[in-house]
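# Observations on chain architecture
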Amino acid sequence: MMELLSSTKSFGGWLKRYRHESLSVRGEMTFAIYLPPQAETQKVPVLYWLSGLTCTDENFTQKAGAFRKAAELGLAIVCPDTSPRGTDYPEEHESYDFGSGAGFYINATVAPYSNTYHMYDYVVQELPHLVETHFPVTDKRSISGHSMGGHGALICSLKNPGKYQSVSAFSPIVNPTQCPWGEKAFSGYLGEDRAGWKEWDATCLIEQAEERLPLLIDQGEADNFLEEQLKPEALEAACEKAGHPITLRRQPGYDHSYFFIASFIDEHLEFHSKALS
């Protein structure tokens, strides 16, 4: 059962927010969907957008400036939240990079987070089923995201050959097993066995990927997190070794913000629309 929270017209289409009871995270989840004007008369393909640390579904919808191009292309965009809500585990709300707003799009295996922090299952299985059941969309999907969400987009596509038509990312955490953000999150959600972390790390997954979907990545060169957290050169080297197609665009002067995303989102939407058509 879905509860409509809001409905706002934009560029001839509709941005709608819903709340529903999720089986994956065993609690209420909120997501947003933009339906372009074409959805009034036909089914349209879907881009799933995964947001970064501290975000909700609203960051992208309010700041990315994506709906003019999505309306032009006839592309639906679905934006889930970034973690389960409504729980009160130890340390869950104490820092921006773990717990609330920081689900990392993985399935936690360490209690108490293993009870509800199954964002991977939610994004890959439950949400697409819900969207494709209740909205005028096709089963053609693409996926993208920013920072933690860029990490999520990459692992979701790499772990699910055939599920997505295309994948892209802005400033993704490409090698979370080797950076402070990832090490903190994976320790808390997955435990201290670092070998098990690799199944949630895009750089580690590239070599064994069953599908060679081209990766489109934009990275700002003035990003404060570039050297310590993001390390795009690690993914670039893994792709070169495995023969995996990648377009890594280093953008001079751009930072980690939504001003950066808004500057290049149209090109990403066109990239996905081409693959989806």
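Note that the structure is predicted; figures quoted are calculated from it, not measured. (Residues numbered from 1 in each chain as written. Predicted model: local features only at pLDDT ≥ 70, side-chain atom pairs only at ≥ 80, totals over all residues. Heavy atoms only, no water.)

## A word on the pairing of strand β2 (residues 13-22)
Our working definition: Under the scheme applied here, a residue whose accessible area is under 20% of the maximum for its type counts as buried, over 50% as exposed, and between as partly exposed, the area being computed with a 1.4 Å probe on protein chains only. Per the convention used, a helix needs a DSSP run of H or I reaching at least four residues, while a strand needs a run of E reaching at least two, with both numbered from the N terminus. Pairing between strands is defined by DSSP: at least two bridges between the two strands are required.
Within β2, 7 of the 10 residues are buried, which leaves the element mostly enclosed by the surrounding structure. In the sheet, strand β1 (residues 2-10) pairs with β2 via 8 bridges, with the strands oriented antiparallel. Directly across from Ser10, in β2, lies its bridge partner Gly13. Connecting β1 to the next strand, β2, in antiparallel fashion are 2 residues, including Phe11 with a positive phi near 50 degrees. Taken together, the 9 bridges between β2 and strand β3 (residues 27-35) define a ladder with antiparallel strand orientation. Opposite His20, over in β3, you have Met29 as the bridge partner. What sits between the antiparallel neighbours β2 and β3 is a turn of 4 residues, in which Arg26 has the positive phi angle 55 degrees.

## A few points about the UniProt feature "active site" (unreviewed entry) in the protein
To be explicit about the condition: UniProt positions are given in the numbering used here, feature names are shortened, and annotations may be inferred rather than shown by experiment. Pairs of residues are marked as contacts when any of their non-hydrogen atoms sit within 4.5 Å. Each polar contact in these results corresponds to two N or O atoms within 3.5 Å; when the atoms are within protein, one needs to be able to donate a hydrogen and the other to accept it, and residues that are neighboring in sequence are counted only if both atoms are side-chain atoms.
Under the local residue numbering, the UniProt record ascribes the feature "active site" (unreviewed entry) to Ser147, Asp223 and His256. A maximum C-alpha distance of 10.9 Å is found for the annotated residues, which run over 110 residues; spatially they form one tight group. Relative to the assigned elements, Ser147 resides in the loop between β6 (137-145) and α4 (148-158). If we ignore the near neighbours within four places in the chain, the residues touching Ser147 are Phe170, Ser171, Pro172, Ile173, Trp181 and His256. Mapped onto the elements of the fold, Asp223 is located in the loop between β8 (215-220) and α7 (226-230). Classification of Asp223 by relative accessible area gives buried; the value is 6%. Apart from the residues within four sequence positions on either side, Asp223 is in contact with Ser171, Leu230, Tyr254, Asp255 and His256. Side-chain polar atoms of Asp223 contact the side chain of Gln219, separated by 3.2 Å.

## What about the packing of aromatic side chains?
Heads up, the rule is: A pair of aromatic rings is counted whenever rings of Phe, Tyr or Trp (Trp by its six-membered ring) have centres within 6.5 Å, and the orientation is called stacked for planes under 30 degrees apart, edge-to-face for over 60 and tilted otherwise. By definition, being over a ring means that NZ of Lys or CZ of Arg is both within 6 Å of the ring centre and within 35 degrees of the ring normal.
One pass over the full model with this rule turns up 22 aromatic pairs. Connected via pairs of aromatic rings, a cluster forms that spans Trp49, Phe60, Phe170, Tyr254, Phe260 and Phe264. Across from the ring centre of Trp200, 4.4 Å away, lies the NZ or CZ of Lys159, which sits over that ring.

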